[in-house]
Amino acid sequence: MHNHKTTLLRALALWLLFSLMSLAHGQEETWRLNLKDADIRAFVTQVADITGYSFVVDPRVKGKVTVLSSAPMNKDEIYDLFLAVLNVHGFTAIPGEEVIKVVQQVDAKQSAESLSRFPDVPSEQLITRVIQIDNANALELVPILRPLVAKYGHLAGVAAANALIVSDHAANIQRIEQIVRELDSPSKYEVEVIQLKEAWVGDMVTLLQELAPDELGRAGGENAARKYSVTADERSNRLILRGDETFRDKMRGLIRQLDQPSATGGTTKVIRLKHADAKNLTEILKGVMGERVKESSVGASGSGASGARPNSSFSVFADEGLNALVVRGEPSLMQEAEQIVEQLDIRRAQVMIEAAIVEISDELGQDLGVQFAAGDESGGSTPVVGTNFGNVGRSLGDVLTAILNESAITPALGGITLGAGERNEGGISWGVLIQALATSSAANLLSTPSIITLDNQESEITVGQNVPFRTGEYTQTGDSASNPFTTIERRDVGLTLKVTPTISADGLVRLVVEQTTESVADSIEDASDIVTNKREIKTTVLADDGETIVLGGLTRDDLQVTRSKVPLLGDIPVLGRLFSSESERRVKRNLLVFLRPTIMLDKAESTAATDGKYRTLWEVNLGIREKLGLPERGERPPIESLFQSPTLE
C-alpha cells in the first residue's frame, strides 16, 4: 500500500512539473524532461500528452526510467528522446495508422510500420528498407554488414533482385546505406576487342566458359555474368571482352595460348542428316560456301581484311548410302556450314491432296424413217425406183438384199422395224421398211483419287489401263518380200493426277496441278486405230489448309437434227412422212474437278489422316459384307492388322 501511494505521489509531482514547464515555455512549445526512477508507463503517458499521439503499451513493457534534459526540446525532439529511452530499456515504438504500439524490440520486426504521420522519420524509429545493389553481389555484402545491424534487427540478401532487406533504426540504416554506396562503387570495367588469327570465335567462347566458369556465369550466377562477359563477333572472327583489368589479363593469356594453328590445317566432320537429302544439300553448300571462300580470299588480300586467310578452303561430299555429309574446311567456314545444315535439315511438312472428278452425262436419240424400193428382176438387181436414207436404221441395200434373197430383214436395234415386200411371177419386186428408233444413255461417274507428298515435291497417281496403239506396219510387197510386222506403243489410259504443292509461311498452299481423264471411245468406222476421249486440266491455284476449291469444268449441250427427204414428195403434209426420215441426237455432259489440300506438319496429323482413310475402307467392307449376308466382324481391327498374314475365317 505504501509503495502504491508513493507511486501516485510521484506521478502527481511529474504532472505538476510538466504543467509548470508547459506554462513557462508555452510560447516556444518546448519542454525539459528530468525524471529519475519514473515508471515507464507514466513516462509513456507524459509523452502522449506532449506529442498528442495515442499509445498502446504491451503488458510486458515494465521498468523504471531516468531522463535528464538540460536544454528545451520541441515535440519531435521529445518523441525522438522517447524512442531512445525505449531502445535503452529493450523496447521500441511501432507507429500504425491510428495508434503507436510500444512493444519489446524482439517482436518489432514482425510488425509493419506506418510513417505517414511524421514529417521526418525519427532517427531512433525502427524501420525496414530495401537497398538496391547495382554493381556488387548482394549475397557477398550480407556477412560484411551483419555485425552492424542490431541483434533484434534483420538483414537478408535477395539474389534474384541483387538487393538487401534491412530492418533497424533509421539512423543505423542510413549508416548502412552509406557503407553500401562505398562498397557498391563500380570497378574499372572496360571493353576490349581481340582479333583471333587461327581459332574460330564460336569454339573459343565455349572453351573460355569451361576454363573460367566463376567469371563467366557457369558457377557464379547471373551477377557474375553481368560483371564479366565474352562475346563472339562471328562476322570478323573477333572476341569482345568486358570486365576489369584482372579478368581481361586472365582471358588474354588464355586466348594467346589457345589461338594456335591447327595441326591438320583444317577440320573434317561428318554430319548425319535427319530429313534433308545429302546430294541436294551438297549442291547448296558448294554454291553458298564457294562464294564465301571467294569473298574471304579477296578480303584477305585487301588492306581492310580481318579474320580471313588467303588459303581459306572448303569442301563437302555426299554419302548417299548413309545420307550424310563429309565437310572439311577452316573452323569459321565449318561453323557457317553447320548453321546452314541445321536450318535446312528439318522435318518437311506433308500435304494430302484429295481430288474429286465428277462427270454426269445424258444422251438421247430419236430416228424415224420410211424406205421403199421396187425393181425388175429380169433387168437385174438395180431397182427401178426407191428411197435410201442412211441416217435411220437399215439402209436400202439391206432392203433389196432381203427381197432378192427372200429372207427376213434383221430389225435395227433400239426400236421397232416394220417391213413388207413381194415378188410376182413377172419378176417385179417391191419392198417397204418403216423404222422408229429411240436410244438413251445416262452416266454418273465419280473418281476420288488422293495422294500424300512432301512440301514442294512433285507427286503423281495413275489409275487406268495400259492400251496398245499401232505406230507402224509392214506388209508383203509386190515382189513377194516376206516378214511383215506391226509396231505398237503401249500407253496408260485412265485417270492421272500430278500435283506439286508449296506451303507458304502463313499456311497457304500453292498447287501446280495437272489432271487428265482419258478413256477409250467406242469404235469409229472411219478410224484406223483406237480412239480415246481425253479431258485435261493444267493450272496453278492457291488454297487454304482444308479448303475445297474447284479447278475447272466443262458443260456441254449438243443437239443434232438430221432430216432427209424426197424433193417435193417429202414436203406433202402428212404423206410426206412416207418419203422422208428424221434423226435427232442430244448430248448433255457436265464435268467438274474439285481439289482439297490438307497440311500435315507432324506425326499426329499424319496418323489422323491415315486413320480416317482406314475408317472409310472399313465402312466399305461392312457394307459389302451386309449385302452378301455375311456376319459382322465386330470392332474395327487396328491398322497394323493390314500387314499381318491373312487367316481363314
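Residues numbered from 1 in each chain as written. Predicted model: local features only at pLDDT ≥ 70, side-chain atom pairs only at ≥ 80, totals over all residues. Heavy atoms only, no water.

Under an unreviewed UniProt entry, the protein has the name Type II secretion system protein GspD and belongs to Marinobacter lutaoensis. Quoted straight from UniProt, the Subcellular location (unreviewed entry) entry for the protein says "Cell outer membrane". Among the UniProt annotations of the protein, the heading Sequence similarities (unreviewed entry) holds the following wording: "Belongs to the bacterial secretin family. GSP D subfamily." (UniProt positions renumbered as here; feature names shortened; annotations may be inferred.)

Each helix and strand counted, the protein has 13 helices and 25 strands in total. Among the 649 residues that make up the protein, the fraction classed as buried is 33%. As presented, the protein carries roughly 39300 Å² of accessible surface, and 53% of it is formed by carbon and sulfur atoms. (Helix = DSSP H or I, 4+ residues; strand = E, 2+ residues; numbered from the N terminus. Buried < 20%, exposed > 50% of the residue type's maximum accessible area, 1.4 Å probe, protein only. Areas by Shrake-Rupley, 256 points an atom, 1.4 Å probe, with all protein chains shown as cover.)

A few words now on the pattern of salt bridges. Pairing between side chains of opposite charge can happen when the charged atoms of each approach one another. The full count for this structure, using the stated rule, is 11 salt bridges. The closest approach of N and O atoms between Glu192 and Arg248, which form a salt bridge, is 3.4 Å. Here the residue Glu192 occupies a position in strand β9 (residues 190–195), and Arg248 occupies one in helix α9 (residues 245–258), the gap between them amounting to 56 residues. Judged by its relative accessible area of 19%, Glu192 is buried. Its salt-bridge partner being Glu192, residue Arg252 comes within 2.7 Å of it at the nearest N-O pair. Of the two residues, Arg252 is situated in helix α9 and Glu192 in strand β9; the sequence distance between them amounts to 60 residues. Where salt bridges share partners, they join Glu192, Arg248, Asp249 and Arg252 into one cluster. (Salt bridge = Lys/Arg side-chain N within 4 Å of Asp/Glu carboxyl O.)

Do not read the fine detail of predicted coordinates wherever pLDDT is low. Looking at the protein, the pLDDT average stands at 76 and 77% of residues meet or exceed 70. Looking across the protein, the model is least confident in helix α1 (residues 2–24), with a mean pLDDT of 52, and most confident in strand β14 (residues 324–329), with 88. For the stretch residues 20–27, pLDDT sits under 50, and the model shows 7 contacts to residues farther than four places along the chain or on other chains. Scored below 50 in pLDDT, residues 298–311 shows 16 contacts in the model against residues more than four places distant or in partner chains. (pLDDT = per-residue confidence, 0-100. Contact = heavy atoms within 4.5 Å.)

For helix α2 (residues 40–51), spanning 12 residues, the distance from its first C-alpha to its last is 16 Å, which sits close to the expected 16 Å at 1.5 Å a residue. For α2, the full list of buried residues reads Ile40, Phe43, Val44, Gln46, Val47, Ala48, Ile50 and Thr51. Once α2 ends, the next one or two residues include Gly52, with phi positive near 80°. (Expected span 1.5 Å × (residues − 1).)

A separate point is a nonpolar patch on the surface. Taken together, the side chains of Leu569, Ile572, Leu575 and Leu578 present a nonpolar region at the surface, about 320 Å² in accessible area. Residue position: Leu569 is located in the loop between β24 (549–565) and β25 (580–600). Note on Leu569: relative accessible area 36%, which makes it partly exposed. (Patch = residues over 30% accessible without salt bridge, like charges linked within 9 Å, V, L, I, M, F, W, Y side chains within 5 Å.)

When a protein is soluble and globular, its nonpolar side chains tend to lie buried together. Counting residues in each nonpolar core, the largest one holds 44 residues, and the members touching the most others are Phe43, Phe55, Tyr79, Phe82, Ile133 and Leu164. Residues Ala355, Leu495, Val541 and Leu551 belong to the second largest nonpolar core, which totals 22 residues. (Core = buried A, V, L, I, M, F, W, Y, C linked by side-chain atoms within 4.5 Å.)

Okay, helix α6 (residues 201–211) next. Those residues of α6 lying buried are Val201, Gly202, Met204, Val205 and Leu208. Along the long axis of α6, the arc covered by the buried residues comes to 160°, so they all point the same way. Those residues of α6 that are buried lie in contact with α7 (213–216), β10 (229–233), β11 (238–243) and α9. (Arc of directions from axis to C-beta.)

Looking now at the pairing of strand β7 (residues 154–158). Summarising the sheet, β7 and strand β8 (residues 163–169) pair through 5 bridges and their orientation is antiparallel. Residue pairing across strands places His154 opposite Ser167, the latter belonging to β8. (Pairing = 2+ DSSP bridges.)

This part takes up a negative patch on the surface. Residues Asp506, Asp544, Asp545, Glu547, Asp602 and Glu605 make up a contiguous surface patch of negative charge. Locating Asp544 in the fold gives a position in strand β23 (residues 532–544). On the basis of relative accessible area, Asp544 is assigned to the partly exposed category, the value being 41%. (Lys, Arg positive; Asp, Glu negative; His and termini not counted. Charge placed at Lys NZ, Arg CZ, Asp CG, Glu CD.)

Now for the packing of α2 against helix α3 (residues 75–88). Between α2 and α3, the least distance of the axes is 10 Å, while the angle of their chain directions is 160°. Judged by the inter-axis angle, α2 sits roughly antiparallel to α3. Crossing geometry of α2 relative to α3 is assigned as left-handed. Across the interface between the two elements, Ile40, Phe43, Val44, Val47, Ile50 and Thr51 of α2 pack against Lys75, Ile78, Tyr79, Phe82, Val85 and Leu86 of α3. Considered class by class, the residues forming the contact of α2 with α3 number 10 nonpolar, 1 polar and 1 charged. (Axes fitted to C-alpha atoms, helices over the stretch in contact; angles between N-to-C directions. Parallel < 35°, antiparallel > 145°, perpendicular 65-115°, else oblique. Left-handed = near helix turned anticlockwise from the far one by under 90°. Nonpolar A, V, L, I, M, F, W, Y, C, P; charged D, E, K, R; others polar.)

Let us now look at the packing of aromatic side chains. Applying the stated criterion across every chain, the model contains 4 aromatic pairs. Plain terms: the ring middles of Phe55 and Phe82 are 5.3 Å apart, the flat faces sit at 65° to each other, and that makes the pair edge-to-face. Within this pair, whereas Phe55 is found in strand β2 (residues 55–57), its partner Phe82 is found in helix α3, the two being separated by 27 residues in sequence. Taken as a pair, Phe55 and Phe82 share a single burial class, namely buried. Measuring from ring centre to ring centre gives 5.9 Å for Tyr79 and Phe82, while their planes differ by 40°; the resulting arrangement is tilted. Of the two residues, Tyr79 and Phe82 both sit in helix α3, 3 residues apart, roughly one turn of that helix. (Phe/Tyr/Trp six-rings, centres within 6.5 Å; stacked < 30°, edge-to-face > 60°.)

Attention now moves to the side chain of Asp345. Within the element layout of this structure, Asp345 appears in the loop between α11 (331–344) and β15 (350–376). Here Asp345 sits buried without a salt bridge, and the closest side chain of opposite charge, Lys274, lies 6.4 Å off (N-O distance). Separated by 2.7 Å, the side chain of Asp345 and the backbone nitrogen of His275 make a polar contact. Asp345 has contacts with Arg272, Leu273, Lys274, His275 and Ala276, leaving out every residue within four places of it along the chain. (Polar contact = N/O pair within 3.5 Å; in protein donor to acceptor, adjacent residues only side chain to side chain.)

All right, on to the sheet that holds β2 then. In spatial order, the strands read β2-β5-β4; together these 3 strands make up an open sheet with mixed pairing. Strands with a single pairing partner mark the edges of an open sheet, and in this sheet they are β2 and β4 (91–95). Each strand of the sheet is rotated relative to its neighbour by a mean of 25°, with strand direction disregarded. Where β2 meets strand β5 (residues 100–104), 3 bridges bridge the pair, whose relative direction is parallel. Bridge pairing in β5 links Val57 to Val102. Strand contacts of α2: β2 and β4, with the helix running at about 170° to β2, the strand carrying the most contacts. Contacts from α3 reach β2, β4 and β5, with the element oriented near 135° to β4.

This part is about the environment of Ala159. Structurally, Ala159 can be placed in the loop between β7 and β8. Through-space distance from the C-alpha of Ala159 to that of Glu140 is 10.0 Å; in sequence the pair is 19 residues apart.

It is worth spelling out the sheet that holds β10 at this point. Across the sheet, which stays open at both edges, the 3 strands sit in the order β9-β11-β10 with antiparallel pairing between neighbours. The strands lining the two open edges of the sheet, one partner per strand, are β9 and β10. Going from strand to strand, the sheet's axes swing by 20° on average, the running direction of each strand aside. Relative to β11, α9 is tilted by about 155°, and along the sheet it contacts β9, β10 and β11.

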